[in-house]
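Secondary and tertiary structure notes
Given next are the chains, with one letter for each unit.
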Amino acid sequence: MKSLIAANWKMNMDIKSSISFINNFKKYIKKIKNKEIVICPSFTLLNKINESTKNTKIKLGAQNMHFEEEGTFTGEISALMLKDVGCEYVILGHSERRQYFNETDDMVNKKIKTAFKNNLKPILCIGETLEQRNNNKTLKIIKNQLINCLKNIDENEIKNIVIAYEPIWAIGTGKNATPQQAEEVHKFIRELLSHIYNNKISSNVRIIYGGSIKESNIKDLMAMKNINGALVGGASLNPKSFACICGFNNST
Ligand code: 13P
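Per chain, residues are indexed from 1 in the order of the written sequence. Per-residue local features are limited, in this predicted model, to residues with pLDDT of at least 70; the limit for side-chain atom pairs, both in listing and counting, is 80 or more; totals at the level of whole chains, interfaces and linings are taken over all residues. To get the side-chain values, take all heavy atoms of the structure and skip hydrogens and water.

Secondary structure elements follow DSSP: runs of H or I no shorter than four residues count as helices, runs of E no shorter than two count as strands, and numbering proceeds from the N terminus. Regarding its fold elements, the protein chain presents 12 helices and eight strands. Referenced to the eigenvectors of the C-alpha coordinate spread, the extents of the protein chain come out at roughly 45 × 45 × 35 Å. Between buried and exposed lies partly exposed: a residue is buried under 20% and exposed over 50% of the maximum accessible area for its type, with that area taken using a 1.4 Å probe on protein chains only. Considering the protein chain as a whole, with its 252 residues, one finds that 52% of them fall into the buried category. Long-range contacts, defined here as pairs at least 24 residues apart, represent 73% of the contacts in the protein chain between residues at least 6 apart. Areas reported as accessible are Shrake-Rupley estimates using a 1.4 Å probe. Residue values count occlusion only from the protein chains shown. As displayed, the protein chain offers around 12,100 Å² of accessible surface, 48% of which is attributable to carbon and sulfur atoms. Note on charges: Lys and Arg go in the positive column, Asp and Glu in the negative column, and His and the chain ends are not counted at all. Charge placement uses NZ in Lys and CZ in Arg. For Asp and Glu, CG and CD serve respectively. Where the 36 positive side-chain charges of the protein chain centre and where its 24 negative ones centre are 8 Å apart. Contact between two residues is taken to exist if any of their heavy atoms lie within 4.5 Å; hydrogens are not considered.

Attention shifts here to the nonpolar core. Take the buried Ala, Val, Leu, Ile, Met, Phe, Trp, Tyr and Cys residues and link them wherever side-chain atoms come within 4.5 Å; each set so joined is a nonpolar core. Formed by 66 residues in total, the largest nonpolar core has its most connected members in Phe25, Ile112, Ile189 and Phe242. With six residues, helix H9 (residues 179-196) is the single largest residue contributor to this core. Not counting the four nearest positions on each side in its chain, Ile112 is found in contact with Leu92, Pro122, Leu124, Cys149, Leu150, Ile153 and Ile161. Formed by 12 residues, the second largest nonpolar core is a distinct cluster that contains Leu4, Ile123, Cys125 and Leu231.

Two rings from Phe, Tyr or Trp (for Trp, the six-membered ring) form a pair when their centres are within 6.5 Å of each other. A pair whose planes differ by under 30 degrees is stacked, one over 60 is edge-to-face, and the rest are tilted. According to the stated counting rule, one finds four aromatic pairs in the structure shown. The interplanar angle of 20 degrees and the centroid separation of 5.3 Å between the aromatic rings of Phe25 and Phe242 together place this pair among those described as stacked. Here the residue Phe25 occupies a position in helix H1 (residues 15-28), and Phe242 occupies one in helix H12 (residues 239-246), the gap between them amounting to 217 residues. Here Phe242 falls in the buried class, since its relative accessible area comes to 0%. In textbook terms, an aromatic cluster arises when at least three aromatic residues are bridged by ring pairs, as seen for Trp9, Phe21, Phe25 and Phe242. In this structure, Arg97 is placed above the aromatic ring of Phe101, and the distance from its NZ or CZ to the ring centre is 4.2 Å. Our definition puts a charge over a ring when NZ of Lys or CZ of Arg is within 6 Å of the ring centre and also within 35 degrees of the ring normal.

This brings us to the packing of H1 against helix H2 (residues 43-52). Each pair of packed helices gets described by two things: the angle between the helix axes and the distance between those axes. Working convention: axes come from line fits to C-alpha atoms, limited for helices to the stretch in contact. Angles between N-to-C directions cover 0 to 180 degrees. For the pair H1 and H2, interaxial distance at closest approach is 10 Å and the crossing angle is 25 degrees. It follows that H1 is roughly parallel to H2 by the angle criterion. Where H1 crosses over H2, the handedness of that crossing is right-handed. Each of Ile15, Ser18, Ile19, Ile22 and Lys26 in H1 lies in contact with H2, whose residues at this interface are Leu45, Lys48, Ile49 and Ser52. Angle categories are assigned with fixed cut-offs, so that under 35 degrees is roughly parallel, over 145 is roughly antiparallel, 65 to 115 is roughly perpendicular, and the rest are oblique. By convention, the crossing between two helices is left-handed when the near helix turns anticlockwise from the far helix through less than a right angle, and right-handed when the turn is clockwise.

What follows concerns H1. In this model H1 runs 20 Å from its N-terminal to its C-terminal C-alpha over 14 residues, within 8% of the 20 Å that 1.5 Å per residue would give. Listing the buried residues of H1 in full gives Ser18, Phe21, Ile22 and Phe25. Here the buried residues of H1 occupy an arc of 100 degrees about the axis, which is enough to place them on one side. Along H1, exposed side chains directed more than 90 degrees from the buried face belong to Lys16 and Lys27. Residues of H1 that are buried in the fold lie against strand S2 (35-40), H2, strand S3 (58-62) and H12. Helices are assigned an expected span. That span is 1.5 Å times one less than the residue count. As used here, the arc belongs to the directions running from the helix axis to the C-beta atoms.

Now for unusual backbone geometry. Within the chain, Lys10 stands out as a residue other than glycine whose phi angle is a positive 50 degrees. Relative to the assigned elements, Lys10 resides in the loop between strand S1 (3-8) and H1. Unusually for a residue other than glycine, Asn102 sits at a positive phi of about 55 degrees. Looking at the element boundaries, Asn102 is found in the loop between helix H4 (95-101) and helix H5 (105-117). Since its relative accessible area comes to 59%, Asn102 is described here as exposed.

Here, any two strands with at least 2 DSSP bridges between them count as paired. Pairing is parallel in the closed barrel, where eight strands are placed in the order S1-S2-S3-S4-S5-S6-S7-S8. The mean inter-strand angle of the sheet, taken between neighbouring strand axes irrespective of direction, is 25 degrees. When S1 meets S2, the two strands line up parallel, connected through six bridges. The residue bridging Asn8 from the neighbouring strand is Cys40, located in S2. On top of the sheet, H1 reaches S2 and S3; it is set at about 170 degrees to S2, its chief contact.

Printed below as a string of structure tokens:
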């Protein structure tokens with residue numbers, strides 16, 4: 001299966017710096033093969049980046065959206081608006097959304113349904129806190145999040161989901177999960193998908209890892225059987241670093 005490497009720029013960059021990023025990044029990724037590359041910038045940058053990535057292998061994603069399709073929701077962005085501006089993907093349920101904006105599994109479940117209804121591919125983020133890991137609750141937390149977020153999601157749609165395992169203690173801390181720690185959870189997620197759906201679906205869903213990914217640790221993480229890509233925060237803000245991460249097994 002083709003690895004998916006996605007950049008989550010979070011609340012960074014402006015029009016000028018993002019266009020300069022894209023112009024440089026395009027040069028650096030020329031030789032990269034067999035990867036799906038997605039950039040998820042702020043809403044205000046989507047239109048410009050859509051224009052500047054036309055006819056390239058770079059795809060576009062958003063970092064969030066509302067679960068309603070339209071209406072009186074001041075300040076919110078809909079799935080239709082994201083499609084309109086060229087998005088193929090949308091990150092949903094990122095731990096920063098859960099932590100700072102009180103997003104619940106129930107809201108994330110509604111968002112996933114709306115994304116599918118509008119032909120957007122969700123990148124569903126799940127992950128445990130350090131305290132939960134230290135109390136041996138990791139797999140329990142992952143199971144609850146996955147079951148709640150995927151409630152009543154049809155098996156015809158689920159094949160287009162991407163699941164991002166992002167341990168909260170690894171986000172922005174410089175302390176990534178070891179390949180073995182990540183693989184244990186990815187394997188568990190795949191087994192759960194096979195219980196909820198079936199083997200065929202579970203073996204085709206991409207499960208990607210996020211949390212302090214950098215040039216120096218990408219290769220070892222991607223070597224694990226059940227890790228099918230990466231969701232990159234800090235290191236995706238530099239075009240050369242992100243290109244090296246995307247080309248972890250190519251020469252760039
Ligand atoms: P960092 O790569 O900065 O740790 O962020 C990970 C992340 O939250 C991606 O969604």
